[in-house]
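Letter by letter, the chains look like this.
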Amino acid sequence: MAFLGRTFRWVLSAVRSPVAPLCRTTARSYSSEPTKEKSVPYEKTLQQEDGASSGPTKPLPRSADVVVIGGGSVGCQTIYHLAKMGVTNIVLLERDRLTSGTTWHTAGLLGQLRHSDVDIELLAHTKKVVSQDLEEETGVHTGWIQNGGLLLANNKQRLDDYKRLMTLGKVYGIESHILSPAETKDLYPLMKVDDLCGSLYIPGDGAMDPAGVCTALTRAATARGALVIEKCPVTGIQVRIDDFGVKRVKAVETPHGTINTPCVVNCAGAWADKLGKMAGVKVPLISMHHAYVVTERIEGIQNMPNARDYEASVYLRLQGDALSVGGFEPNPIFLDEVSDSFIFHLFDYNWDVFTQHIEGAVNRIPVLEQIGIKSTVCGPESFTADHKPLMGEAPEVRGFYLGCGFNSSGMMLGGGCGRELAHWIIHGRPERDMYGYDIRRFHNSLKDNQRWIRERSHESYSKRYSVVYPFDETLASRNLRKDPFHQVLLEQGCVFQQRNGWERPGWFSKEGPAPVKDYDYYGVYDIEEHVDYKYRELLAREYTFDFPPHHDVIKNECLSCRHSVAVFNMSLFGKFYLTGPDAKKAADWLFTADVNKKPGSTVYTCMLNKTGGVEADLTVSRLEPGAANLPLAPHSDGDVYYLATGGAVAQHNWTHIKTVLQDQGFRCQLTDHTEDMGVISIQGPKSRDVLQEVVDTDLSNEAFPYATHEVVNVSGHQVRAMRLSFVGELGWELHIPKDSCLPVYHAVMAAGAKHGIINSGYRAMDSLSIEKGHKHWHSDLRLDDTPLEAGLAFTCKLRSSIPFLGRDSLEKQKEEGLKKQIVCFTIDEKVPMFGLEAIFCNGIPIGSLRRSEYGFYINKTIGYGYVRNPDGGVVTNDFIKNSEFTLERLGVTYKAKAHLKSLFDPENKRIKGIYT
């Protein structure tokens, strides 16, 4: 018997070999025999008994409306929810037995609190399904045990992070309590607490049994008409090309026949990439070893909560009268491929890699030093670049949906994600804001970049248990997409952020250049860790929930813009041209605003889905038709539009537009010139004075009014100048051909020197924009918000008779009244807020802040969040004015003032150049 304590470690020291470099291949790691039932901590699995039939368990149908591939947690949840929503002609194909890939050996934990309102709602639905719905529907016990969760804090920052979770949990009615070390000891007597600051106890957390859950799910689905076929591997996906040249799913091929279908759902887990290749779909995930051990019986452990010691990167899951001990180590073993024959198998347990979890467990539960190990469990799990699943319709092939890459969280997220996937398939979109899960969040160039997939997945895995700080940045796979200004800004102290592969300016340090270096894997895999790494040091200074040390630096960037002039590099903007015979029809249908003004106009608008949710906000500029002047203008004999979209979400915007064009059959071309142009935005009271020195065009209000654009010469270089502002000041954006970017930038900076011109980054822009009340897509403006709720009714052409996507839903909402409305809040106390702080209306929690920044000009903390009526009624301006609001931050309540107008220049004088 192996022991968890010193004797066990002494035995290991005699047989250890050096840790393998970076990647250990599957050939060295597979177990030679199928794992026996006792090797996992469940009473039963769904492993096939010897002598059973090797063919499919049911005859294949000739056709199906939906084919779900993969019988793990997410596949079973998806077919269950499809059936529950009324889709009956559906098939689930499993290559062997249900759960036989990675689900069967999962730990099955479910914690209810995360740093995302969407995540919390998904987890809540999973809990409801496994703890209530399935047993009521089928009589099958899912193995759900609600023994609570205990998150341990070794330092103040960790405890503050837990206070943020506790605060957000109040909005959703999730009971949780901050405990002192003594109270933690009372709850968990076997635990050592002398090095703890406290803990967060969540009584409603628990764990489930994968076999029980999947059995109940498929039983409920088949009772509603779904067909579940095991022992039926998929060998191919047929794809057809329709009359418009669009690729669409046609059929699923197996050794036992072909199923014609327009819709496939890839729930193949660690094998999802291989399945994607069958259809020509990129699935950016990578598999790794993921492991835990199961102890022998521990006296006094019964009924203890599942505990997580994040500083030790270890979890302690109650397993009857024993514990499962696992975690997320800094040096996971990568798998280049997982064999198709890997069924109910496990890998050999690598003590060199996983002993650190045992050591952390022994430190936290000292009695474990004398407890034996009953079994080891080490299997493949698939992981993604941002530790979020891959979901939604693949951009490459219509009808090919993803439900994979769950980062060892398929059991806990499966219920919520299965429901959203089902809704996505039936209605064309999910109910919730699933952008953070949507495959379209990744730029197409990244999805098959193996360096990016491996490095980012490693960093996300190794930081799984890290404190979630508001301004943290990834160190992995940086410098993939750099604009022409990158080097010159780096030399001026730019501290870059990474968004969708782009390096964009965050803020400008006074300490000189801070370049981002190649990823060092934090010093594991025998890779030398960087020393004197200034960029990492600057990030580390922001590991706080107070104001960062460079708070005054960002203040200076903001106030320079308000009082003089600042330059923002916005080159990561998506830059698309919409042309073709049906371009005007497409523009009318796509955009909420009337963009068909005279050429030379620029319009701020939204794009919606059919339920009225905001898919994007962007500017659309109408151009004169004529000969090509690329990249500033395409050739067009008719209507032509220039679309400038948020760079971090450009791929999502591109795919949304392409999908709408395909669905409507519009004869249009959408071309991408993002990489061909840079963008700088010159903003502030002195912006006209600066630009007039280098531009050959009259920039007066009369000659160049707000929301117009034209091609001008800047020091001999043609650029498209657009009079716009995201910060609420007089200003212009210059859209510049790539080769002209640096000459134009240097000319602007030289002309602005006497006016005190400075570079500013997105951190300053975030502050300036929240003062002005401008919205950020995917924070205070999301897929589950409508323009009416977000205060953007002015972008909607509802007074015209022009139809547009989502109009019917908006008109219905306008008639019925709003059930939620965005509100701006300020507090008098000078404390930072970052979003997720709870909003209380008359003492009742009714939501949380979507975004919060410090407004340096008004000298207050500002937050935006959506307000609901606690009674469920309509939210009106009078309701907001007559209610009392408070905000809760880290467990402390602050009286808040609600505002229905912009805090800064509500009459919009400054963007018009009026500063008197």
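Enquirer: Lay out the overall build of the chain with the relevant residues and their values.
Expert: Assigned secondary structure in the chain consists of 20 helices and 39 strands. Since a compact globule built from 916 residues should have a radius of gyration of about 29 Å, the 28 Å found for the chain is in line with a globular shape. In terms of its C-alpha atoms, the chain occupies a principal-axis envelope of roughly 85 × 65 × 55 Å. Across the 916 residues in the chain, those meeting the buried criterion constitute 63%. Sequence separation of 24 or more characterises 74% of the internal contacts of the chain that already satisfy a separation of 6 or more. If you average the places of the 102 positive and of the 111 negative side-chain charges in the chain, the two averages end up 3 Å apart.

Enquirer: So, the environment of V744: which residues are in play, and what are the values?
Expert: Mapped onto the fold, V744 is located in helix 17 (residues 741-752). On the basis of relative accessibility, which here comes to 0%, the residue V744 falls in the buried class. Once residues lying within four places of it in the same chain are set aside, the contact partners of V744 are I680, V714, H717, V719, L734 and I736.

Enquirer: Let's hear about helix 9 (residues 410-427): which residues, and what values?
Expert: In an α-helix, one turn spans 3.6 residues; hence positions three or four apart end up facing the same way. Along its length, helix 9 reaches its greatest deviation from straightness, about 35°, at G416. The buried fraction of helix 9 amounts to 16 of the 18 residues, a majority that puts the element mostly inside the structure. Phi for G428, located one or two positions after helix 9, is positive at around 85°.

Enquirer: Which residues make up the pairing of strand 36 (residues 844-855), and what values go with them?
Expert: Taking burial as the measure, the 12 residues of strand 36 include 10 buried ones, the bulk of the element. Pairing between strand 35 (residues 838-841) and strand 36: four bridges, direction antiparallel. When the sheet's bridge partners are listed, I839 is paired in strand 36 with G847. The loop that links strand 35 with its antiparallel partner strand 36 comprises two residues; one of these, N842, has a positive phi angle of about 55°. In this sheet, strand 37 (residues 860-868) lies alongside strand 36 in antiparallel orientation, the contact comprising six bridges. Considered in strand 37, the bridge of R851 is made with Y864. The antiparallel hairpin formed by strand 36 and strand 37 contains four residues in its connecting segment, where N859 sits at a positive phi of about 60°.

Enquirer: Give me the sheet that holds strand 36: which residues, what numbers.
Expert: Read around the closed barrel, the six strands follow the order 34-37-36-35-38-39; overall the barrel is antiparallel. The mean angle between the axes of side-by-side strands here comes to 40°, regardless of whether they run parallel or antiparallel. Helix-sheet contacts for helix 4 (residues 156-171) involve strand 35, strand 36 and strand 38 (885-889), and the interaxial angle to strand 36 is about 135°.

Enquirer: How would you summarise the pairing of strand 25 (residues 602-608) if you had to cite specific residues and measurements?
Expert: Within strand 25, six of the seven residues are buried, which leaves the element mostly enclosed by the surrounding structure. Sheet topology note: the strand 25/strand 26 (residues 614-623) ladder contains seven bridges and is antiparallel. Within the sheet, the bridge partner assigned to V603 lies in strand 26 and is V620. Adjacent in sequence and paired antiparallel, strand 25 and strand 26 are bridged by five residues, among which G612 carries a positive phi angle near 90°.

Enquirer: Lay out the packing of helix 2 (residues 73-84) against helix 3 (residues 117-138) with the relevant residues and their values.
Expert: Remark: helix 2 packs on helix 3, axes separated minimally by 13 Å, with the N-to-C direction vectors making an angle of 65°. Relative to helix 3, helix 2 is oriented roughly perpendicular. Considering the relative orientation of helix 2 and helix 3, their crossing is left-handed. Residues Q77, Y80, H81 and K84 of helix 2 touch helix 3, and the partners they reach there are H125, V129, V130, D133, L134 and E137. In terms of residue class, the contact of helix 2 with helix 3 is built from four nonpolar, three polar and three charged.

Enquirer: An account of the pattern of salt bridges is needed here, citing residue identities and associated values.
Expert: Counted by the stated rule, this structure contains 56 salt bridges. A salt bridge links D340 to K274; the shortest N-O distance between them is 3.1 Å. Here D340 is found in the loop between strand 17 (334-335) and helix 8 (351-364), whereas its partner K274 is found in helix 7 (residues 272-279), with 66 residues between them in sequence. With a relative accessible area of 46%, D340 lands in the partly exposed category. For E420, the salt bridge is made with R432, and the minimal N-O distance between the two is 2.9 Å. Of this pair, E420 sits in helix 9 while R432 sits in the loop between helix 9 and helix 10 (450-462), placing them 12 residues apart in sequence. Residue E420 shares its accessibility class with R432, and that shared class is buried. In this structure, a network of salt bridges that share partners links the residues K84, K128, D133, E137 and R224.

Enquirer: With reference to specific residues and values, describe the packing of aromatic side chains.
Expert: Applying the stated criterion across every chain, the model contains 27 aromatic pairs. Both rings, one in Y469 and one in Y543, keep their centres 4.8 Å apart while their planes meet at 10°; by these two values the pair is stacked. With a gap of 74 residues between them, Y469 in the loop between helix 10 and helix 11 (486-491) and Y543 in the loop between helix 12 (534-541) and helix 13 (551-563) connect regions that are remote in the sequence. On the basis of relative accessible area, Y469 is assigned to the buried category, the value being 14%. Judged by centre distance (5.4 Å) and plane angle (65°), the rings of Y854 and F856 are edge-to-face. Grouping aromatic residues by their ring pairs yields a cluster made of Y162, Y310, F328, F383, Y461 and Y465. One residue, R454, lies across the ring of F334, its end atom 4.7 Å from the ring centre. A cation over a ring is seen here: R763 above F471, with NZ or CZ 3.6 Å from the ring centre.

Conventions and cut-offs
Residues numbered from 1 in each chain as written. Predicted model: local features only at pLDDT ≥ 70, side-chain atom pairs only at ≥ 80, totals over all residues. Heavy atoms only, no water. Helix = DSSP H or I, 4+ residues; strand = E, 2+ residues; numbered from the N terminus. Rg over C-alpha atoms; globule rule 2.2 N^0.38 Å. Buried < 20%, exposed > 50% of the residue type's maximum accessible area, 1.4 Å probe, protein only. Contact = heavy atoms within 4.5 Å. Lys, Arg positive; Asp, Glu negative; His and termini not counted. Charge placed at Lys NZ, Arg CZ, Asp CG, Glu CD. Bend = angle between axes of the 7 residues up to and from the residue. Pairing = 2+ DSSP bridges. Axes fitted to C-alpha atoms, helices over the stretch in contact; angles between N-to-C directions. Parallel < 35°, antiparallel > 145°, perpendicular 65-115°, else oblique. Left-handed = near helix turned anticlockwise from the far one by under 90°. Nonpolar A, V, L, I, M, F, W, Y, C, P; charged D, E, K, R; others polar. Salt bridge = Lys/Arg side-chain N within 4 Å of Asp/Glu carboxyl O. Phe/Tyr/Trp six-rings, centres within 6.5 Å; stacked < 30°, edge-to-face > 60°. Lys NZ or Arg CZ within 6 Å of the ring centre and 35° of its normal.

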